[in-house]
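Read off the chains here:
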Amino acid sequence: MALYRRIPGAIAVITLTNPPVNALSCTVREAIYETVKRATADQEVKAIVLCGANGKFCGGADIKEFSREMRGPPLVPMIDMIEESEKPVVAVIEGVAFGGGLELALGCHYRIAHSGAQVGLTEVTLGLLPAAGGTQRLPRLIGVPAALDIITTGRHVSAQEAVRLGIVDKVTDSSAMEEAIEFAKTVAGEPMGPRRLSLWTAACPEDLDSLLEGALVRIRQRSRGALAPVACVQAVRAAASLPFAQGMKKEQELMAYLFTSGQARAMQYCFFTQRAAARWTTPSGASWENTKARPVRQAAVIGLGTMGKGIAVSLSRAGIPVIAVETEQKRLKAGRKAVNSMLTRESQKRGLAEAHLGSISFTLDLRKLRDTDLVIEAVFEDMALKKQIFSKLSSVCRPDALLCTNTSGLNIDEIASAASRPELVVGTHFFAPAHVMKLLEVVCGPRTSPVAVATAMQLAKRLEKIGVVVGNCSGFVGNRMMRPYTEQAYYLLEEGARPEEVDLVLEEFGFAMGIFRVMDLSGLDVGWRSRKELGLTGPKLPPGTEARSRGGKRYSPLPDILCESGRLGQKTGRGWYLYEKERVATPDPWLQSFLEDYRSRFGIQSRRVGQDEILERCLYSLINEGFRILQEGIAASPEDIDVIYVSGYGWPRHRGGPMFYAWMVGLPKVLDKLEHYHRTHPDIPNLAPSSMLRKLVARGSPPVHQWRALIQQHSSQL
Ligand SMILES: C[C@H](O)[C@H](C)C(=O)SCCNC(=O)CCNC(=O)[C@H](O)C(C)(C)COP(=O)([O-])OP(=O)([O-])OC[C@H]1O[C@@H](n2cnc3c(N)ncnc32)[C@H](O)[C@@H]1OP(=O)([O-])[O-]
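Residues numbered from 1 in each chain as written. Predicted model: local features only at pLDDT ≥ 70, side-chain atom pairs only at ≥ 80, totals over all residues. Heavy atoms only, no water.

Identification of the protein chain as Peroxisomal bifunctional enzyme from Huso huso is taken from an unreviewed UniProt entry. The UniProt entry for the protein chain carries the following comment under Subunit (unreviewed entry): "Monomer." (UniProt positions renumbered as here; feature names shortened; annotations may be inferred.)

Below is the structure:
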């Protein structure tokens, strides 16, 4: 809908009305055509003001319409009609002007923004490109370099930066509407020719080719294999080198190619599943709709290690006062110093005023937590230590305080058994660095109450994180699926592959980093500690245990041997790679001869391992574990698993997520390959296809959004 009204001063006001974000649905487009025609035809109207209802200008084209047959009037001629108006059209940008919303504003002759507004051509984040003239008008308005950056990244641009770049003509702290109306009166009657961007020429640097080549290099580093950003570069090249009409033709051609691509489907799937994750439910019937979260006015963090520091900064950044607790003065002092410098960097980076930050106090005294609403324990991954802390917290905290643990895989219910109110114990699994990573696994134990889940999910939203509710099992969802993936990587090395070969395949697939480079970055000792905790190596391993078998299952001692020899990754300059120059991984000849010795020691015949096998064994074993997790009800839906992997484990967005990817590849193929690899490696039981996968194939591989209904027939642990 678009409302039309006349106001004094010969002004017509057109208001886009399509909550919640005034998306340019078919109905809205029809209404814009109608109202703009009416205003331009009305002799008494001297200027037009275009705005959006509910404090938002426009969230762009209606993404929900993309999976349906497109109906209604197209956007491009609609925007051309506005641009061709002889009467000035002034856009009032409040809240957001994203994608087609900004393109609509670029068709207007003037743009007035509120200081809190954000603009952007975000289509690339949906696997598309700006296809309503954005790739042609924005470079003409602000020049090729700035437009190239905004279009290829899809980043949100603040009003302050937008006026600096010239995207908007004016920014106001007061009413942008009133400002726009007064402004419209001042330009009424002026010729609009000079304000039509399609008639402008895009300012571009001498060496356009190296600018565009530079952008392509950054795209390859940032999102290897993604089609949309590359198409964006081609469209901007057209803006810099072709007349408007030809440039528009190029834009449309590129959009037609992207619109039906699997990558666009995958990225739009990510858009909606990320939002759906907030609509959590549990089999008990508790859900985001019927369970009220408790207020969190003050929080506490126990332990100022790597995770604790990041969690404290996230809470403070959200304006929540924090009490940070440590056990020793030395660690407290170091923690305080680190947290304060992280906060300073954060507030500078985000332009956050000191006033916005929640205060942080540091203490050795747990009793200071008596009035705290929520405590997050982030100490060493040791069950006994965590239980000790939860027992102490039960005696000092208010009986209704929420007790959260940041464990990355220990049993939530066992930790809860040490607390006087196990129903208020919930897992809040942050990802390193905790003040950067978006994902928060909210882990439910069998006794965790709905109010605890609701409060933790509300906290996730407040911290601008993506909360996903998962059940309680070793490694929860994310880390549990990483285990078979990592094990396969080790087995591939045993059988003849090299770390750089495995990593290349995974990076070509779209991961920013392959598994061996990731392990070297986070430190091989992290996995070593949890294998020791699980008794797979180290002091808990029964003497005489076969080197390459645990409980009748294949086991690779490769990473243990590296750790025992002090090769812990980047932090020791050696791991799976050599790091002579800081952070630059180079293949290590030592590792090559070590692997050859290892294979001959265990009588393993080395062979050339193909790229397909590397990809399939790593990804399909991870996906298979995902099906087991769905089967056991540890995750409520495949969509939740995909959100976890895309927002917490670097799974490339243009691949949708592991479960969506499996469906795109074809479930019968995944099943077939798993059966093949399991036959070849019967000592790796987690290669055996899960019954959920078999069931879905037997049911004709229904689309991902239909799996949930099938899963609910199984038992849920949520
Ligand atoms: C031709 C042209 O070149 C091309 C081709 C295009 O234009 S392509 C389109 C380009 N547009 C975008 O990339 C902007 C996408 N949206 C956002 O970034 C955010 O939504 C937001 C605007 C910053 C608001 O954030 P929010 O946190 O306040 O609320 P929310 O929870 O995110 O959203 C609230 C509800 O609105 C829904 N929604 C948001 N934007 C939508 C859109 N463009 N189309 C359809 N639904 C949309 C969303 O699914 C959710 O629904 P539900 O879950 O409640 O059922």
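Now, onward.
> I'd like a rundown of the overall build of the protein chain, residues and numbers included.
Along the protein chain, the regular secondary structure elements total 28 helices and 19 strands. For the protein chain, the spread of C-alpha atoms along the three principal axes comes to 95 × 60 × 55 Å. By residue count, 57% of the 718 residues in the protein chain fall in the buried class. Partitioning the contacts of the protein chain with sequence separation of at least 6, the portion at a separation of at least 24 is 74%. Accessible surface computed for the protein chain: about 29,700 Å², of which carbon and sulfur atoms make up 54%. Separation between the mean location of the 88 positive side-chain charges and that of the 75 negative ones in the protein chain comes to 3 Å. (Helix = DSSP H or I, 4+ residues; strand = E, 2+ residues; numbered from the N terminus. Buried < 20%, exposed > 50% of the residue type's maximum accessible area, 1.4 Å probe, protein only. Contact = heavy atoms within 4.5 Å. Areas by Shrake-Rupley, 256 points an atom, 1.4 Å probe, with all protein chains shown as cover. Lys, Arg positive; Asp, Glu negative; His and termini not counted. Charge placed at Lys NZ, Arg CZ, Asp CG, Glu CD.)

> Could you give me a rundown of the UniProt feature "domain: 3-hydroxyacyl-CoA dehydrogenase C-terminal" (unreviewed entry) in the protein chain, with the residues and numbers involved?
On the UniProt side, "domain: 3-hydroxyacyl-CoA dehydrogenase C-terminal" (unreviewed entry) is annotated at positions that read residues 475-579 and 614-701 here. As annotated, residues 475-579 comprises 51% helix and 4% strand, and the C-alpha atoms at either end are separated by 30 Å. Secondary structure across residues 614-701 divides into 68% helix and 0% strand, with the first and last C-alpha atoms of the span separated by 24 Å.

> Kindly report on helix 16 (residues 450-462), identifying the contributing residues and their values.
With 13 residues, helix 16 should reach 18 Å at 1.5 Å per residue; the first-to-last C-alpha distance of 18 Å fits that figure. Contacts from the buried residues of helix 16 go to helix 12 (306-317), strand 13 (374-377), strand 14 (402-405), strand 15 (425-430), strand 16 (439-444) and strand 17 (466-471). After helix 16 finishes, the residue Glu464 shows a positive phi value of roughly 55°. (Expected span 1.5 Å × (residues − 1).)

> Tell me about the nonpolar core, and please be specific about residues and values.
Leu369, Phe516, Trp576, Leu619 and Phe627 are the most contacted members of the largest nonpolar core, which has 105 residues in total. Here Phe516 is in contact with Ala489, Tyr490, Leu493, Pro499, Val502, Asp503, Trp576 and Tyr577, once residues within four sequence places are set aside. (Core = buried A, V, L, I, M, F, W, Y, C linked by side-chain atoms within 4.5 Å.)

> Could you give an account of the packing of aromatic side chains, naming the residues involved and the relevant values?
For the structure shown, the criterion picks out 19 aromatic pairs. Pairing Phe511 with Trp651 gives two aromatic rings, centres 5.5 Å apart and planes at 85°, and the pair type is edge-to-face. You can see Phe511 sitting in the loop between helix 18 (499-509) and helix 19 (515-522) and its partner Trp651 sitting in the loop between helix 24 (638-648) and helix 25 (658-665), a full 140 residues away along the chain. Classification of Phe511 by relative accessible area gives buried; the value is 7%. Among the aromatic side chains, those forming a connected cluster through ring pairs are Tyr485, Phe509, Phe511, Trp651 and Tyr661. Sitting over the face of the ring of Tyr555, Arg550 holds its NZ or CZ atom 4.0 Å from the ring centroid. Across from the ring centre of Phe509, 4.2 Å away, lies the NZ or CZ of Arg655, which sits over that ring. (Phe/Tyr/Trp six-rings, centres within 6.5 Å; stacked < 30°, edge-to-face > 60°. Lys NZ or Arg CZ within 6 Å of the ring centre and 35° of its normal.)

> So what about the site of the ligand? Which residues, and what values?
Contacts to the ligand come from 27 residues, most closely from Gly100, Glu103, Thr122, Glu123 and Arg275. Between an oxygen atom of the ligand and a main-chain N or O atom of Ala131, the distance comes to 2.9 Å. Between an oxygen atom of the ligand and a side-chain N or O atom of Arg275, the distance comes to 2.6 Å. In isolation the ligand has 1,000 Å² of accessible area, and contact with the protein removes 76% of it. Looking at the shell around the ligand, the elements that each hand over two or more residues are helix 3 (100-107) and helix 11 (262-276). (Near = heavy atom within 4 Å. Polar contact = N/O pair within 3.5 Å; in protein donor to acceptor, adjacent residues only side chain to side chain.)

> Could you give an account of the domain arrangement of the protein chain, naming the residues involved and the relevant values?
Once the domains are mapped, the protein chain shows domain 1 (2-259), domain 2 (299-476), domain 3 (489-601) and domain 4 (611-711). Centre-to-centre separation of domain 2 and domain 4, based on C-alpha positions: 32 Å. Contact with domain 2, which involves 14 residues of that partner, is made by eight residues of domain 4. A buried area of about 850 Å², summed over both sides, lies between domain 2 and domain 4, and 70% of it is on carbon and sulfur atoms. One can count zero salt bridges joining domain 2 with domain 4. Taken together, the connections running from domain 2 to domain 4 amount to one residue pair in polar contact (both at pLDDT 80 or more). Put simply, the parts of the chain that give the side of domain 2 that touches domain 4 at least two residues each are strand 16 and strand 17. (Domains from an automatic or database assignment. Buried area = accessible area lost by both parts, 1.4 Å probe. Salt bridge = Lys/Arg side-chain N within 4 Å of Asp/Glu carboxyl O.)

> I'd like to hear about the side chain of Glu346, residue by residue, with values.
Residue placement: Glu346 occurs in helix 13 (residues 329-350). Given a relative accessible area of 4%, Glu346 falls into the buried group. When neighbours within four sequence positions are excluded, Glu346 is seen to be in contact with Val313, Arg317 and His435.

> Give me the packing of helix 23 (residues 611-632) against helix 24: which residues, what numbers.
How two helices pack is summed up by the angle between their axes together with the distance between the axes. Packing of helix 23 against helix 24 leaves a shortest axis separation of 10 Å and a crossing angle of 135°. By the angle between their axes, helix 23 is oblique relative to helix 24. Note on packing geometry: the crossing formed by helix 23 with helix 24 is right-handed. Residues Leu622, Gly626, Ile629 and Leu630 of helix 23 lie in contact with helix 24, whose contacting residues are Pro638, Ile641 and Tyr645. Across the contact of helix 23 with helix 24, the residue classes break down as six nonpolar, one polar and no charged. (Axes fitted to C-alpha atoms, helices over the stretch in contact; angles between N-to-C directions. Parallel < 35°, antiparallel > 145°, perpendicular 65-115°, else oblique. Left-handed = near helix turned anticlockwise from the far one by under 90°. Nonpolar A, V, L, I, M, F, W, Y, C, P; charged D, E, K, R; others polar.)

> Would you mind going over the state of the cysteines in detail, with residue names and values included?
Scanning the model with the defined rule gives zero disulfides in all. Note on Cys51: no disulfide assigned, nearest cysteine sulfur contributed by Cys108 at a separation of 11 Å. In this structure Cys232 is not part of a disulfide, and its nearest cysteine sulfur, from Cys270, lies 17 Å away. On the basis of relative accessibility, which here comes to 0%, the residue Cys232 falls in the buried class. (Disulfide = S-S within 2.5 Å.)

> Could you give me a rundown of a positive patch on the surface, with the residues and numbers involved?
Together, Lys64, Arg68, Arg71 and Arg279 line one region of the surface with positive charge. Secondary-structure assignment places Lys64 in the loop between strand 3 (47-52) and helix 2 (75-83). Taking relative accessible area as the criterion, Lys64 reaches 52% and is therefore assigned exposed. (Patch = residues over 30% accessible without salt bridge, like charges linked within 9 Å, V, L, I, M, F, W, Y side chains within 5 Å.)

> Residues and numbers for the environment of Phe244, please.
By the secondary structure assignment, Phe244 is in helix 10 (residues 244-259). Residue classification places Phe244 among the buried residues on the basis of a relative accessible area of 14%. Measuring from C-alpha to C-alpha, the distance between Phe244 and Trp200 comes to 8.6 Å, with 44 residues separating the pair along the chain. Apart from residues no more than four positions distant in its own chain, Phe244 is found in contact with Gln136, Arg137, Arg140 and Ser198.

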